[in-house]
There are 2 protein chains.
Amino acid sequence: MSDQKIPSRSEDFSEWYNTLVLRAELADYAPVRGCMIVRPYGWALWENIQKALDSRFKATGHVNAQFPLLIPQSFIEKEKSHVEGFSPELAVVTHGGGEKLEEPLVIRPTSETIIGHSYARWIQSYRDLPLLINQWNNVLRWELRTKLFLRTLEFFWQEGHTAHVTAEEAEAETLQMIDIYRDFAVNEAAVPVIVGRKSASERFAGADETYTIEAMMGDGKALQSGTSHNLGQNFAKAFEIRYLDRNGVLQHCWTTSWGVSTRFIGAIIMVHGDEQGLILPPRLAPWQVVIVPIYKNDEEKAAVLEAARRVRAELGAFRVMLDEREGSSPGFKFNDWEMRGVPLRIEIGPKDVAKGTVVLARRDQPGREGKSFVPQEGIAAAVDRMLAAIQKALYERALAFREARTADPADYAEFKSAVERGFAFSYWCGDAGCEKRIKEETKATLRCIPLEQPSGGGRCICCGAPAGEKAYFAKAY
Amino acid sequence: MSDQKIPSRSEDFSEWYNTLVLRAELADYAPVRGCMIVRPYGWALWENIQKALDSRFKATGHVNAQFPLLIPQSFIEKEKSHVEGFSPELAVVTHGGGEKLEEPLVIRPTSETIIGHSYARWIQSYRDLPLLINQWNNVLRWELRTKLFLRTLEFFWQEGHTAHVTAEEAEAETLQMIDIYRDFAVNEAAVPVIVGRKSASERFAGADETYTIEAMMGDGKALQSGTSHNLGQNFAKAFEIRYLDRNGVLQHCWTTSWGVSTRFIGAIIMVHGDEQGLILPPRLAPWQVVIVPIYKNDEEKAAVLEAARRVRAELGAFRVMLDEREGSSPGFKFNDWEMRGVPLRIEIGPKDVAKGTVVLARRDQPGREGKSFVPQEGIAAAVDRMLAAIQKALYERALAFREARTADPADYAEFKSAVERGFAFSYWCGDAGCEKRIKEETKATLRCIPLEQPSGGGRCICCGAPAGEKAYFAKAY
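Because the structure is predicted, anything quoted here is derived from the model rather than measured.

**Q** I would appreciate a short explanation of the overall build of chain A in the present structure.
**A** From N to C terminus, chain A includes 14 helices and 25 strands. For 477 residues, the compact-globule formula gives about 23 Å, and the C-alpha radius of gyration of chain A, at 25 Å, lands near that figure. Principal axes of the C-alpha set define a box for chain A whose edges measure 80 × 60 × 45 Å. In chain A, the share of contacts with a sequence separation of at least 24, taken over all contacts with a separation of at least 6, comes to 68%.

Quick look at the structure:
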């Protein structure tokens, strides 16, 4: 915390982001390059994300477990495209207990292989299916360019892994989970997302199909915010995950995997934040309300604190911070909590005590228009309404921003300028060559082919050939 | 799950334990030697343990965070006794992203060093103190002899790390946390524990004082079930964790650390289990109640399932499993859930439907005496009372067992036989030589010097010298 100004969001979005993550004490750099420490304020946000997702997983029949951190190197090599995708990113343990290991062990970059190995042992018959397991854990990928939350060597996530009797069931599960991510993003994080499938070149290494939710950040770039993979029988064949069907015939399972990571915290920061700092969506904010008492002398202080504590007690259903810090001015506290993104501030001064009112100040509307005077009596209902209004306003603002920054370019020249400021939604012929040319020439990648498509068809924005589907293209994190 | 009998608890406690962990699907062996997979039933138990502890941590002002998995090897070497204690147990990452690392990284065996490094950067003044952070994570120690839950290379735990302005505050924190562990063990896990301090030779590597909760397992051996360390200024000096006091003078902090791990699951199994399998304490059991419907034909089935589902709906406040599995007999289901330790079974058959009753069967009292007939109306209150009674009975039984197996031997010969069957509570002169001789001659270790001591003094059970304090000695896991 400090009085120093944060860098300008409009002038240097990247510096604004980095500074804010550190200043708001969401995370810090670890002594090991590219690793991060998630500080208490950041972890409290993650715990709220975890609760919101975990309850959705459990409501759809999934259970949690915990698989090991260390994987024999040979496991990674069993699925052809998986090893190609992950080999360059592995951290390798070569020594344990003072001795060189016979077989090197890798720190899991993801757990399809070790879970595949277990499922092969646990699944005997169709009665054991579907097997619907999730785990909350840490994984590690040796990235070269890192950025707090968005791309770090070690990161925190959940990875769901399921096994099914039919291809149709696996596909339904894959789609169910991407829809749960959409629902979470929209209704908990107030982050609008586009749901779609990845092109072959952007798929998870080892998947037949990858679905994604893509969000637009405050600088117009895309962030892949959650993915769900239909793994077909690729891992089932590599790890011999088989079941006896009702006719006593041995069959390979169909498997899926899906994940959301601490990267999502980056999305929340970059979608909602403004020049003053973070704006956290009320449903996920560690503190939904901060109460700042205002007084000039001991007599005022006693009366104001008494009222502030009474108000806090009234707000027992919310996550409330009463900032009683000595030696900091109310103005400092306002700025500090604005920077840290608390969605609603309650100010209580001597006049408020006299009148039995408080000032409510919305974080999403800094300045006069976001302030209102409400009676202390019935404060809980007023706060509840206000938090819901902020949650809704954040979503609508983000959606309006995305729509304003999404173009339907008439030609490739327009396309090129569109991806400089946001998303381009264009027909694509399906050819990987066009996708590659676009990437090389514009630095935009194919983010997803949305599940909802306009009727009819058109012509590929790159080569002009007939094209049946439109896709979103954007520069991405 | 299977119809096979489990090994006899009284004849081969160790095999009984191993088989039960696998059969009840609490955990499984990982492909890497000494690592474990915690399966959904075991992880659900751990999640309940987490909730019970985490709410106590938060109620006492602690917050959660997440520190990195990887630690520069040089960090471990900064605190003299810490490096001696942990060096032999380290797993070392030497390669990342396909290249040899300049400095090897170790997988955290515990996080005092990396947290000390962070605290040194975060703490500036007395205003930043106390700093009270906990994390739930995985750690890794390269153990030679392993056993599921009790000692594995990777295990799961929480580690709290706090920094304070005075030695007294740090000591008070250390004692507060061991008391929270005691409260958790007694009131959530129904596991009686002795609270005491460790002798110098059994202390945490780097601590000035280690407090422990020690529990007696069903074979009379001790299990260290949670520890809290007063680290003095050892880590503060090694990592330069300093603060400016109110007079502007730079001072070293006083720090603590404390942890409970998945090992506690081993304690729950070994304290409460019986010849039929697990008995899980109601407050932590993944399923507190299992409902087994009993029917012979489709007509009975329809009526019974309708009643069973209605009863389940009445029990919304509890964790209830309605076992509707087809193709398994009620008898199989009874055995299966008994083996898995569900504390209360509800049986519903056609006669119960007719009479509007159910059968309640207590897991801790197998056979007729544990069965009662209760009306379906008001079932929730009956279940609530019954679960509380089971929770209490489990604690009392474990306490009575410990008391029966705890001796106050008159001489060293009696001491030797006492530690063959349980705890010996004896005067000890405080000399490490006596402690060592006892360990060599009896395999019993000094488990703890309890905080509550009898008045007066006595003579050392080993050498006969005057002794001021009594200690518990036992063979231990």
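**Q** I tried to follow the interface of chain A and chain B on my own but got confused; where do I start?
**A** One frequently used descriptor of interface size is the decrease in accessible area upon assembly of the parts. Listed per partner, the contact involves 41 residues of chain A and 41 residues of chain B. When residues of the side of chain A that touches chain B are assigned to their parent elements, the largest contribution, six residues, is made by strand β5 (residues 91-96) of chain A. Partitioning the side of chain A that touches chain B into residue classes produces 26 nonpolar, ten polar and five charged. Sheet topology note: the β5 of chain A/strand β5 (residues 91-96) of chain B ladder contains five bridges and is antiparallel. Directly across from A91 of chain A, in β5 of chain B, lies its bridge partner G96 of chain B.

**Q** I tried to follow the relation of the copies chain A and chain B on my own but got confused; where do I start?
**A** The two chain copies are related to each other by a rotation about an axis together with a translation along it. With an RMSD of 0.0 Å, the operation that places chain A on chain B is a rotation of 180° combined with a shift of 0.0 Å along the axis. Taken together, the rotation and translation relating the two chain copies correspond to the operation of a two-fold axis. When C-alpha distances to the rotation axis are compared across chain A, the minimum falls at V93 of chain A, with a value of 2.1 Å. Both copies contact each other with a shared surface, as 100% of the interface residues of chain A are interface residues in chain B too.

**Q** What is the right way to read the confidence of the model for chain A from this model?
**A** Low-pLDDT portions of the prediction should not be read for the details of their coordinates. Here chain A averages 96 in pLDDT, and 99% of its residues register 70 or above. The ipTM, which scores confidence in the relative placement of chains, is 0.96 for this predicted complex, and the corresponding pTM is 0.97.

**Q** Mind showing me how you'd approach helix α2 (residues 40-59) of chain A here?
**A** Since the α-helix packs 3.6 residues into each turn, any two residues three or four apart lie on the same face. All names here are of chain A. Between its first and last C-alpha, α2 extends 28 Å over 20 residues, near the 28 Å set by a 1.5 Å rise per residue. Three or more residues of α2 are buried, namely P40, G42, W43, A44, L45, W46, I49, L53 and F57. Of the residues one or two after α2, G61 is the one with positive phi, at around 90°.

**Q** Even after reading the chapter, I still don't get the domain arrangement of chain A, so can you show me in this structure?
**A** Residues and elements named next belong to chain A. Domains assigned within chain A are domain 1 (13-272), domain 2 (289-392) and domain 3 (406-474). The gap between the C-alpha centroids of domain 1 and domain 2 is 40 Å. At the interface, four residues of domain 1 touch four residues of domain 2. Of the residues belonging to the side of domain 1 that touches domain 2, the class tally is three nonpolar, no polar and one charged.

**Q** When you look at the pairing of strand β18 (residues 357-362) of chain B in this model, what are you seeing that I'm missing?
**A** Here is the key point about a regular strand: its side chains alternate between the two faces of the sheet. Residues and elements named next belong to chain B. Taken together, the four bridges between strand β17 (residues 344-348) and β18 define a ladder with antiparallel strand orientation. Directly across from R345, in β18, lies its bridge partner A361. Relative to strand β19 (residues 371-375), β18 runs antiparallel, the two sharing five bridges. Residue pairing across strands places T357 opposite P375, the latter belonging to β19.

Calculation criteria
Residues numbered from 1 in each chain as written. Chains lettered and ligands numbered in written order. Predicted model: local features only at pLDDT ≥ 70, side-chain atom pairs only at ≥ 80, totals over all residues. Helix = DSSP H or I, 4+ residues; strand = E, 2+ residues; numbered from the N terminus. Rg over C-alpha atoms; globule rule 2.2 N^0.38 Å. Contact = placed C-beta atoms within 7 Å. Nonpolar A, V, L, I, M, F, W, Y, C, P; charged D, E, K, R; others polar. Pairing = 2+ DSSP bridges. Least-squares fit on C-alpha atoms with pLDDT ≥ 70 in both. pLDDT = per-residue confidence, 0-100. Expected span 1.5 Å × (residues − 1). Buried ≥ 20, exposed ≤ 12 C-beta atoms within 10 Å, placed from the backbone. Domains from an automatic or database assignment.

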